[in-house]
Amino acid sequence: MKAYLAIISARFRMLLQYRAAALAGLGTQVFWGLIRLMIFGAFYAMPSAKSAPMSWPQVVSYIWLGQATLMLLPMWQDAEVRNMVRDGSVGYELARPLDLYSLWFARSVASRTAPTLLRSVPLVIVAGLFFGLQFPASLAAAAGWILSMFSALLLSCAISTFVLITTLWTVSGRGITDLTGPCVWIFSGIMLPLPLFPEWMQSLINFLPFRGLLDIPFRIYTGNIPLNEFAGAIGHQLLWTAALILLSRWLLALGTRKLTIQGG
């Protein structure tokens, strides 16, 4: 365990160096957050919006939380690992006295947390002071949100590591990465709060793992998910995380049983 914690710590510190990029990203995300507020504001100004499943203040907080935690999403994969598979240096990874899945998962944890923290803290402050981001609906909602965000991190890393493992067969990894990105974008809630999707899509949305990345934590935060449903919502995140970890480990064992090293 110490070895993996050391990997997380070293990579986390390395990624914290990109403060200028985080500052530029902060400005971009504030800009897009304001545009999204205008779009949803026009919708909520209509009389029919009175029956919407989320209130306007809840949507405002949902949007800003999404902008703050955008880098948590598994839409970008570890380029270093992908290059290792392409040039053959993944063989050195297999020679390390470490569990390969845990090694890649640890790298993913650092890659998700460091950029998210750099951008989320100042963005939450700015949005809370000037743009309508509210405090959690209650103390219970705040505690549930923290627990759910931790579960979302694990789920995001499980999805990301699963995609990386598929590069053992696809080599470039572009195909499944290009497929995963739109699925995450649509079904996580970053594009549109999931309760606002049509009723006929809700069963599919509620089954897929992607709602556990953003939608569940944000709706707990805003109080849109009531206290008596916290356990089921967080359980959905953890069950998908466990399922993806088991599937990924099986695929990794299958892929490394007979591995063709690319690049000679």
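Numbering of residues starts from 1 in each chain and follows the order in which that chain's sequence is written. Given that the model is predicted, a residue must reach a pLDDT of at least 70 before its local features are reported, and side-chain atom pairs must reach 80 or more before they are shown or counted; all residues, however, enter totals for whole chains, interfaces and linings. Side-chain numbers here rest on the full set of heavy atoms in the structure, without hydrogens or water.

(A) Structural detail: the overall build of the protein. Only DSSP runs of H or I with at least four residues qualify as helices, and only runs of E with at least two residues qualify as strands; both kinds are numbered from the N terminus onward. Helices and strands together make up the secondary structure of the protein, namely 11 helices and 0 strands. In the protein, the succession of α and β elements from N to C terminus is α-α-α-α-α-α-α-α-α-α-α. Radius of gyration here uses only the C-alpha atoms, and the compact-globule reference equals 2.2 Å multiplied by the residue count raised to the power 0.38. The C-alpha atoms of the protein give 19 Å as radius of gyration, which agrees with the globular expectation for 264 residues (18 Å, within 12%). Along the first, second and third principal axes, the C-alpha atoms of the protein reach 65 × 40 × 30 Å. Contacts in the protein between residues far apart in sequence, at least 24 positions, make up 82% of those at least 6 positions apart. Surface exposure here means Shrake-Rupley accessible area, sampled with a 1.4 Å probe, where a residue is shielded only by the protein chains that are shown. Counting every atom, the protein has about 13200 Å² of accessible surface; 70% of that belongs to carbon and sulfur. Counted as positive: Lys and Arg. Counted as negative: Asp and Glu, with His and the chain ends omitted from the count. Charged side chains are reduced to one point each, which is NZ for Lys, CZ for Arg, CG for Asp and CD for Glu. Charged side chains in the protein number 18 positive and 9 negative. The centres of these two groups are separated by 4 Å. Working rule for contacts: check all heavy atoms of both residues, and any pair within 4.5 Å makes them a contact.

(B) View of the pattern of salt bridges. By definition, a salt bridge exists where a carboxyl oxygen of Asp or Glu is found within 4 Å of a side-chain nitrogen of Lys or Arg. Inspection of the entire model under this criterion finds 2 salt bridges. As a salt-bridge pair, Arg249 and Asp99 come within 2.9 Å of each other at their nearest N and O atoms. Placement of the pair is Arg249 in helix α11 (residues 230-257) and Asp99 in the loop between α5 (90-95) and α6 (100-130), with a sequence separation of 150 residues.

(C) Summary view of the environment of Leu129. Positionally, Leu129 belongs in helix α6. Taking relative accessible area as the criterion, Leu129 reaches 62% and is therefore assigned exposed. In this structure, the C-alpha to C-alpha distance between Leu129 and Ala79, residues 50 residues apart in sequence, is 36 Å. Accessible area is worked out with a 1.4 Å probe on protein chains only. A residue is then buried under 20% of its type maximum, exposed over 50%, and partly exposed in between.

(D) The packing of helix α7 (residues 139-170) against helix α10 (residues 215-222), seen in detail. For helices, the fitted line uses only the C-alpha atoms of the stretch in contact; every axis is such a line through C-alpha atoms, and the angle between N-to-C directions lies from 0 to 180 degrees. For the pair α7 and α10, the least separation of the axes is 8 Å and the interaxial angle reads 170°. Relative to α10, the element α7 is oriented roughly antiparallel. For the pair α7 and α10, the contacting residues are Ala141, Gly144, Trp145, Ser148, Met149 and Ala152 in the first and Ile216, Pro217, Phe218, Ile220 and Tyr221 in the second. In terms of residue class, the contact of α7 with α10 is made up of 9 nonpolar, 2 polar and no charged. If an angle is under 35 degrees, it is roughly parallel; if it is over 145, roughly antiparallel; if it lies from 65 to 115, roughly perpendicular; otherwise it is oblique. The classification used treats Ala, Val, Leu, Ile, Met, Phe, Trp, Tyr, Cys and Pro as nonpolar, Asp, Glu, Lys and Arg as charged, and all other residues, Gly among them, as polar.

(E) Up close: the nonpolar core. Only buried residues count toward a nonpolar core. Its members are Ala, Val, Leu, Ile, Met, Phe, Trp, Tyr and Cys residues joined through side-chain atoms within 4.5 Å. Formed by 60 residues in total, the largest nonpolar core has its most connected members in Trp64, Leu73, Trp104, Leu123, Ile165, Phe210 and Leu213. Contributing elements (two or more residues each) for this core: α2 (19-44), α3 (56-68), α4 (79-87), α6, α7, α8 (174-187), α10 and α11. Looking at this core element by element, the count peaks at 12 residues for α7. Core analysis: the next-biggest nonpolar cluster, separate from the first, contains 7 residues, Ala141, Ile220, Ile225 and Ala233 among them.

(F) Local environment of the confidence of the model for the protein. For every residue, the predictor reports its confidence as pLDDT, a number between 0 and 100. Per-chain confidence: the protein averages 87 in pLDDT, with 95% of residues scoring 70 or above. Averaged over each element, pLDDT in the protein is lowest for α5 (73) and highest for α10 (96).

(G) Expanded view of the side chain of Arg119. Locating Arg119 in the fold gives a position in helix α6. Within the structure, the side chain of Arg119 is placed 2.6 Å from the side chain of Gln29, a separation counted as a polar contact. The term polar contact refers here to a pair of N or O atoms within 3.5 Å; inside protein, the definition further demands a hydrogen-donor-capable atom paired with an acceptor-capable atom, and it admits residues adjacent in sequence only when both atoms are side-chain atoms.

(H) Broad picture of the packing of aromatic side chains. Each pair of aromatic rings taken from Phe, Tyr and Trp, with Trp reduced to its six-membered ring, is defined by centres within 6.5 Å and is described as stacked if the planes are under 30 degrees apart, edge-to-face if over 60, and tilted in the remaining cases. Under the criterion given, the structure shown has 9 aromatic pairs. Here the aromatic rings of Phe207 and Trp240 are separated by 5.6 Å at their centres, their planes lie at 75°, and the arrangement is edge-to-face. Here Phe207, found in helix α9 (residues 202-207), pairs with Trp240, found in helix α11; they are 33 residues apart in sequence, far enough to count as distant. Judged by relative accessible area, which is 23%, Trp240 ranks as partly exposed.

(I) Region of the structure containing α10. Of all 8 residues that make up α10, 8 are buried, and the element is covered over most of its length. Taken together, the buried positions of α10 are occupied by Asp215, Ile216, Pro217, Phe218, Arg219, Ile220, Tyr221 and Thr222. Looking at the packing, one finds that the buried side of α10 touches α3, α7 and α11.

(J) Fine view of the environment of Ser138. The residue Ser138 is located in the loop between α6 and α7 in this model. Given the relative accessible area of 37%, Ser138 is considered partly exposed. Residues Ser138 and Tyr221, 83 residues apart in the sequence, show an inter-C-alpha distance of 8.2 Å. Polar contacts involving the side chain of Ser138 include one to the main-chain amide nitrogen of Ala141, which spans 3.1 Å.

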